[in-house]
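Read off the chains here:
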Amino acid sequence: MLKHICTKWPEWPKPFSFPSPPSPPYKILPLKGFGPGMVATRSIARGQTIVVERPLLLYPRAMPAFLPLKTLAETLEKAVDSLLPENREAVYAMKNSKGPEYQSHLQGIIVTNSLGIFEAMPGYPAAYAGLPRDIARANHSCSPNSVYTWDLETATFTLRALCPIRPGEQITINYVELDQPRRARQQELKSEFKLECKCKACKQEPFALWLSDQRRLFMSYYCARAAYNEQAFEKWLEEGAPAQPPHDRLVPLTGLDLDIARLDNMDGFRRAEVMYSAMEEEGVYPPGTWERVLTTLVRAHSVLENENGVKKYALIVALLTKAFTGSDGGWAAVARSPTQTEWWGKLGDERVF
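Structural notes, computed from the coordinates. (Residues numbered from 1 in each chain as written. Predicted model: local features only at pLDDT ≥ 70, side-chain atom pairs only at ≥ 80, totals over all residues. Heavy atoms only, no water.)

Pairing is antiparallel across the open sheet formed by 3 strands, whose spatial order is E3-E9-E8. Two strands bound the open sheet, and with one partner strand each, they are strand E3 (49-53) and strand E8 (146-151). Neighbouring strand axes in the sheet, compared pairwise and without regard to direction, differ in orientation by 15 degrees on average. As paired elements, E3 and strand E9 (residues 156-161) share 4 bridges and run antiparallel to each other. (Pairing = 2+ DSSP bridges. Helix = DSSP H or I, 4+ residues; strand = E, 2+ residues; numbered from the N terminus. Axes fitted to C-alpha atoms, helices over the stretch in contact; angles between N-to-C directions.)

What follows deals with the pairing of E8. Burial of E8 is extensive: 5 of the 6 residues sit out of reach of the surface. When E8 meets E9, the two strands line up antiparallel, connected through 6 bridges. Residue pairing across strands places Thr 149 opposite Thr 158, the latter belonging to E9. Joining the antiparallel neighbours E8 and E9 is a turn of 4 residues, in which Ala 155 adopts a positive phi near 55 degrees. (Buried < 20%, exposed > 50% of the residue type's maximum accessible area, 1.4 Å probe, protein only.)

Here we come to the packing of aromatic side chains. Taken as a whole and assessed by the stated rule, the structure comprises 10 aromatic pairs. Between Phe 218 and Tyr 222, the aromatic rings sit 6.5 Å apart at their centres with planes inclined by 25 degrees, giving stacked as the arrangement. Of this pair, Phe 218 and Tyr 222 both sit in helix H6 (residues 206-223), 4 residues apart, which is roughly one turn of the helix. Of the two residues, Phe 218 and Tyr 222, both sit in the buried class. Put simply, the rings of Phe 233, Trp 236, Phe 269 and Trp 343 touch in pairs and so form one group of aromatic residues. Across from the ring centre of Phe 193, 5.3 Å away, lies the NZ or CZ of Lys 98, which sits over that ring. (Phe/Tyr/Trp six-rings, centres within 6.5 Å; stacked < 30°, edge-to-face > 60°. Lys NZ or Arg CZ within 6 Å of the ring centre and 35° of its normal.)

Below you can see the structure in the form of structure tokens.
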């Protein structure tokens, strides 16, 4: 793997910079009921970079079958022993949620705290993981306020805010898939991390928990029907884009709105509105889906010639795109000039009022 990367980038890993104030916007502090965690020391805006760091260890999550497990454990121990003393101490201070499941206590620590790298690594077609020093201290939440990404060229993890974070608030990420009911999340967290989640999404009153589950089931169903959602939007356009209020604010959801059986009867605009409201209320943005939803809403409001709607959703997608990629993807320009999109007033006289 290293040979293939160095062929492409002879000076790999390339230097990286983190344009931030001298002190980071967080501290690693002991938290009652959580252990050490990452806590914001000042306000962090949606889309803002929290930290960029190179992992202490980078390793394949799946090893060749012929490699003895003991050899892997010994290799990891040698790698940790080669770290600077302060980094080695930081690794051994991390939690091991795996118990006797692995060959050594250290291997359990590494597997517990490493972050997955969801990108193919040159030269070795296996999933990789990296162990960062600070981002590994971000605790789990079923409504996380931050997201991490991996950059191969610089070999760095970047953590950015998914929503505004207040001083004193925990900075959190997700350890499991979030578009599943609370019971399934809790079972996975207990199985994989020996963790009972006590985040705000899991500590609600029974009816609120039920409604939360319905939102997440709706999101899962919506995500699985990407092609059909696009077809429904095209049909809405063919019918003259009939507008049905509300179309310029967060849609308050009821159990009836979230009835999956009703989804196929919603026009493409309405289903995107319901999906966006579910995402915002849950604080969950499914990869590969959130941008399609918000793009649909920008297109719809452009067709309806609603400047405020275009500005609102273009700004939201700009901030979320920045959180996931580091760039606004050109959406900020759309928010500044909403009438200049190719969809503005697209139907003309064919629109139904």
